[in-house]
Amino acid sequence: MMRAPILYLAVAVAAPIYGGQVCPYMEGLPVWEFEGYVALPMAIILGLRLALHPVYVKAAPMIERSHRQFKLDMGLFTLAGLGTSLLLHLVLDFPLWQMGYKLTLSFITGGLFASLDMALDQERKSIYKSIENPDSLLPPSKVMPRSRMFALVAISITGLSILIVLLMILRDFNWLAQQPADVRDFHGAINSVVIEVLLVMGVLLAFSMNLIFSVARNLRILFKLETSALESISRGDLSVHVPVATQDELGYIAGVTNTMILKLRDHLRLRRGLDIAAEVQQNFLPESAPE
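Residues numbered from 1 in each chain as written. Predicted model: local features only at pLDDT ≥ 70, side-chain atom pairs only at ≥ 80, totals over all residues. Heavy atoms only, no water.

Visitor: Explain the overall build of the chain to me, please; I cannot follow it from the model alone.
Guide: From N to C terminus, the chain includes 8 helices and 0 strands. The proportion of buried residues among the 291 residues of the chain is 39%. Pairs at least 24 apart in sequence give 77% of the contacts found in the chain among residues at least 6 apart. Total accessible area on the chain is roughly 17100 Å²; 68% of this is exposed by carbon and sulfur atoms. (Helix = DSSP H or I, 4+ residues; strand = E, 2+ residues; numbered from the N terminus. Buried < 20%, exposed > 50% of the residue type's maximum accessible area, 1.4 Å probe, protein only. Contact = heavy atoms within 4.5 Å. Areas by Shrake-Rupley, 256 points an atom, 1.4 Å probe, with all protein chains shown as cover.)

Following this line, the structure appears as structure tokens:
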């Protein structure tokens, strides 16, 4: 319940701080004042999320909820970045393009990590709900390969991380060029820049590790459910089913497994019917040959 507000608050706090590190226009603005300008767009998108989540995410089939969750949150974070940039332009007359793209980029990067985390959490909820009340046991009509999604996410995270670190390094180079020529002061400035870069990379690494563990957790749940169902089938228990809660290869395999279980049930029912018919016919036959 508290996952979304915490992640939204984390992005709202981190994005302006980073924006102040890479944009000279935002650098001179006190953090508390900066956060005040961020508060209004963030309050608006949180209100939009409360209104849209029941009708866009919860009303959708469980197999589609995680993708809708990601699209909703990612769109709201992007909207918050654009709204904050526009507000700073209108109130403080900051250049919209020179300042806006850097601030919006920080919201998009933080929003990407937060949106993926909430989408994976929504996927887990859908899996657990599908165990008891499945929407469908059949394979998904549209399969989105998880390997392709992994590649897109990895490319996006890597590209945004490199761009963020590059913008910060360029800003630091400009700052170093303005420092006094004293050697000791210059070495101290270099150390400050290195510590700053390492700190940002550490934060990005922590967010990435969190996503890796979250993905591994979901995969472990899905593999466990599939393996448990196959083990039950091998023992002759056909009362089980595998929840079809994802639109990837695992969801397709789960649907095919359920189809196999249904066909085995029909085959077993037909076999039992034939056995009963054969027993009835045997009872009609005389016990001995007629004289």
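Visitor: Could you clarify how one ought to interpret the packing of helix H4 (residues 65-92) against helix H5 (residues 96-132) in this entry?
Guide: Axis angle and axis distance: for two packed helices, these are the angle between their axes and the distance between the axes, and together they describe the pair. The contact between H4 and H5 brings their axes to 7 Å, and the two run at 160°. When the axes of H4 and H5 are compared, the pair comes out roughly antiparallel. For the element pair H4 and H5, the recorded crossing hand is right-handed. Considered class by class, the residues forming the contact of H4 with H5 number 17 nonpolar, 13 polar and 4 charged. (Axes fitted to C-alpha atoms, helices over the stretch in contact; angles between N-to-C directions. Parallel < 35°, antiparallel > 145°, perpendicular 65-115°, else oblique. Left-handed = near helix turned anticlockwise from the far one by under 90°. Nonpolar A, V, L, I, M, F, W, Y, C, P; charged D, E, K, R; others polar.)

Visitor: Looking at this structure, how should I read the environment of Pro5?
Guide: Mapped onto the fold, Pro5 is located in helix H1 (residues 3-22). With 41 residues separating them in the primary sequence, Pro5 and Leu46 have C-alpha atoms 8.2 Å apart.

Visitor: Is there a simple way to think about the layout of surface pockets in this case?
Guide: Here the idea is plain: a probe the size of a water molecule rolls over the atoms and shows the empty space left. One number sums up the size of the largest pocket: a volume of about 900 Å³. Around the largest pocket sit 31 residues that line it, and His67, Leu116, Met149, Phe150 and Val153 are the ones nearest its centre. When residues in the lining of the largest pocket are grouped by element, the largest group, 9 residues, is from helix H6 (residues 146-177). Looking at the lining of the largest pocket residue by residue, the class counts come to 17 nonpolar, 6 polar and 8 charged. (1 Å grid on protein atoms, 1.4 Å probe; cavity = no way out; pocket = protein on both sides within 12 Å on 5 of 7 lines; lining within 4 Å. Points joined across faces, edges and corners; volume = space filled by probe spheres on them.)

Visitor: Just checking my understanding: could you explain helix H8 (residues 249-284) for this structure?
Guide: The periodicity of an α-helix, 3.6 residues per turn, causes residues three or four places apart in sequence to face the same way. When the terminal C-alpha atoms of H8 are compared, their 53 Å separation across 36 residues agrees well with the 52 Å that a helix rising 1.5 Å per residue should span. Considered for burial, the residues of H8 that qualify are Leu250, Gly251, Ala254, Gly255, Thr257, Asn258 and Ile261. The backbone nitrogen of Leu250 has a side-chain oxygen 3.2 Å away, supplied by the residue at the start of H8, namely Asp248. (Expected span 1.5 Å × (residues − 1). Polar contact = N/O pair within 3.5 Å; in protein donor to acceptor, adjacent residues only side chain to side chain.)

Visitor: Teacher, can you tell me more about the pattern of salt bridges here?
Guide: Opposite charge on two side chains allows them to pair when their charged atoms are near. Evaluated as defined, the whole model comprises 9 salt bridges. A salt bridge links Arg146 to Glu123; its shortest N-O distance comes to 3.1 Å. Remark: Glu123 occurs in helix H5 and Arg146 occurs in helix H6; sequence separation between them is 23 residues. Under the relative-accessibility criterion, Arg146 is labelled buried at 8%. For Arg269, the salt bridge goes to Asp266, with nearest N and O atoms at 2.7 Å. Pair noted here: Arg269 and Asp266 are both in helix H8, with a separation of 3 residues, about one helical turn. (Salt bridge = Lys/Arg side-chain N within 4 Å of Asp/Glu carboxyl O.)

Visitor: Where do I start with the side chain of Asp248 in this structure?
Guide: With respect to the helices and strands, the residue Asp248 is situated in the loop between helix H7 (183-234) and H8. Side chain to side chain, Asp248 and Arg146 meet in a polar contact 2.3 Å long. Side-chain polar atoms of Asp248 contact the side chain of Thr246, separated by 2.6 Å. If we skip the residues at most four places from it in the chain, Asp248 touches Val143, Met144, Arg146 and Met149.

Visitor: Just checking my understanding: could you explain the confidence of the model for the chain for this structure?
Guide: Interpretation of this model should avoid reading the predicted coordinates in detail wherever pLDDT is low. Model confidence for the chain is summarised by a mean pLDDT of 82, while 89% of its residues fall at 70 or above. Here helix H2 (residues 24-27) is the element of the chain with the lowest mean pLDDT, 66, and H4 is the one with the highest, 90. (pLDDT = per-residue confidence, 0-100.)

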